[in-house]
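So you can see what is in the structure, the chains are spelled out below.
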Amino acid sequence: IVDIAGFEVFVYKDDEIVWTSRVQVGKPYRETPVFKSEITYLDLNPTWTIPPGILSKDILPAVKKDPNYLKKRNIKVIDRNGKAVNQETIDWSKYTGRNFPYQLRQEPGPDNAMGLIKIMFPNKHLVFIHDTPSKSLFERTDRTFSSGCVRIENPFEFAQLLLGEEWNASRIDEVKESQKTTAVKLANPVPVILFYLTVLPEFDGRFHFRNDVYSRDEAVLE
């Protein structure tokens, strides 16, 4: 369960919390959505295909200002056949997000926006849980820093819980060190819920109150 307003993720088993971690969620203008799905697989050493919204709002403007922006971040331009395109042959000035004919893909590595692992669950929002190179932001109180996905502080502990005994820390480290993108399917899908509550009741009758970082309380009260 991802507690968006509380900036935490919880793993429940037999109605007990067995593990928890801090998370970073979407910025107020790029909110993490509320929904439920099932975790089906993990990507180790993931690539990141930049989604249309981030492409048009962030990446293309940055490339137009700095021609070396993509090279600095190990991002390749990919055509519809999956082949790499020489970035220097592209006239970036004539493209917006809507008419851009290529994909931008960040290659695996410690600077990848997904970090070294992402946890996948099918959903229309293109949201998932992933590692992040921005570790220092977990020390903040309000952790609204992502573009909608959920960044998790201890992703490999989470991965071991999901994968079970077959994938111990040494096996995961071996795959990480290979730097090859590796998909690992879960034997059994795990339900995942993302919710937003600014008042959370506990079993002992107490309540936790959170900041309404997405300004949703007014509509709820009305």
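Residues numbered from 1 in each chain as written. Predicted model: local features only at pLDDT ≥ 70, side-chain atom pairs only at ≥ 80, totals over all residues. Heavy atoms only, no water.

## Things to note about a nonpolar patch on the surface
What counts, and what does not: Patch building starts from residues that exceed 30% relative accessible area and form no salt bridge, then joins like charges within 9 Å and nonpolar side chains (Val, Leu, Ile, Met, Phe, Trp, Tyr) within 5 Å. Each accessible area value is a Shrake-Rupley result obtained with a 1.4 Å probe; residue values ignore everything except the protein chains displayed when judging cover. The salt bridge criterion pairs a side-chain nitrogen of Lys or Arg with a carboxyl oxygen of Asp or Glu, the two atoms within 4 Å. A run of DSSP states H or I qualifies as a helix once it reaches four residues; a run of E qualifies as a strand once it reaches two. Both are numbered from the N-terminal end.
A cluster of nonpolar side chains, namely Val199, Phe207 and Phe209, defines an oily patch on the protein surface of about 340 Å² accessible area. Checked against the element boundaries, Phe207 lands in strand S15 (residues 207-209).

## A word on the sheet that holds strand S6 (residues 75-78)
Condition: In this description, strands pair whenever DSSP reports at least two bridges between them.
Pairing is antiparallel across the open sheet formed by four strands, whose spatial order is S5-S8-S6-S7. Edge positions in the sheet fall to strand S5 (48-49) and strand S7 (84-85), since each of these pairs with one other strand and no more. In the sheet, S6 pairs with S7 via two bridges, with the strands oriented antiparallel. Residue pairing for S7: Val77 is matched across the bridge by Val85.

## As for the layout of surface pockets
Under the convention used in this document: Using only the protein atoms, space was sampled on a 1 Å grid; points where a 1.4 Å probe fits but cannot get out form cavities, open sets with protein on both sides within 12 Å along at least five of seven lines form pockets, and lining residues are those with an atom within 4 Å of a point. Grid points are joined across faces, edges and corners, and a volume is the space filled by probe spheres set on the points. The nonpolar class holds Ala, Val, Leu, Ile, Met, Phe, Trp, Tyr, Cys and Pro. Asp, Glu, Lys and Arg form the charged class, and all remaining residues, Gly among them, are polar.
Of the pockets and cavities examined, the largest pocket occupies roughly 1,300 Å³. Considering the residues around the largest pocket, the lining is formed by 50 residues, among which Trp48, Ile50, Pro51, Ile54 and Ser147 are closest to the centre. Going through the elements one at a time, strand S4 (35-44), S5, helix H1 (52-65), helix H2 (69-72), strand S8 (103-106) and strand S9 (117-120) are the ones with two or more residues in the lining of the largest pocket. Looking at the lining of the largest pocket, the element that brings in the most residues is H1, giving seven residues. When grouped by side-chain class, the residues that make up the lining of the largest pocket number 25 nonpolar, 15 polar and 10 charged. Estimates place the volume of the second largest pocket at around 510 Å³. Looking at the lining of the second largest pocket, the elements that each hand over two or more residues are strand S2 (8-13), helix H3 (155-163) and strand S13 (182-195). If you tally residues by element for the lining of the second largest pocket, the top one is S13, at nine residues. By residue class, the composition of the lining of the second largest pocket is 21 nonpolar, one polar and three charged.

## As for the packing of aromatic side chains
As a reminder, the rule being used: The aromatic pairing rule takes the rings of Phe, Tyr and Trp, using the six-membered ring of Trp, and pairs them if the centres are within 6.5 Å, calling planes under 30 degrees apart stacked, those over 60 edge-to-face and the rest tilted. Throughout, exposure labels follow a simple rule: accessible area from a 1.4 Å probe, protein chains only, divided by the maximum for the residue type, with under 20% read as buried, over 50% as exposed, and the rest as partly exposed. For a lysine, the NZ atom is tested; for an arginine, the CZ atom; a charge sits over a ring if that atom is within 6 Å of the ring centre and within 35 degrees of the ring normal.
Under the criterion given, the structure shown has seven aromatic pairs. Ring geometry for Phe10 against Tyr12: centres 6.5 Å apart, planes inclined by 55°, an arrangement best described as tilted. Residue Phe10 is classed as buried on the basis of its relative accessible area, which comes to 15%. An angle of 25° between the planes, with centres 5.5 Å apart, marks the rings of Trp92 and Phe100 as stacked. Accessibility classification places Trp92 together with Phe100 in one group, the buried group. A connected cluster of aromatic rings, assembled from ring pairs, spans Trp92, Tyr95, Phe100 and Tyr102. Residue placement shows Lys118 over the ring face of Phe128; its charged tip is 5.2 Å from the ring centre. Cation over ring: Lys176 sits above Phe156, and NZ or CZ is 4.1 Å from the ring centre.

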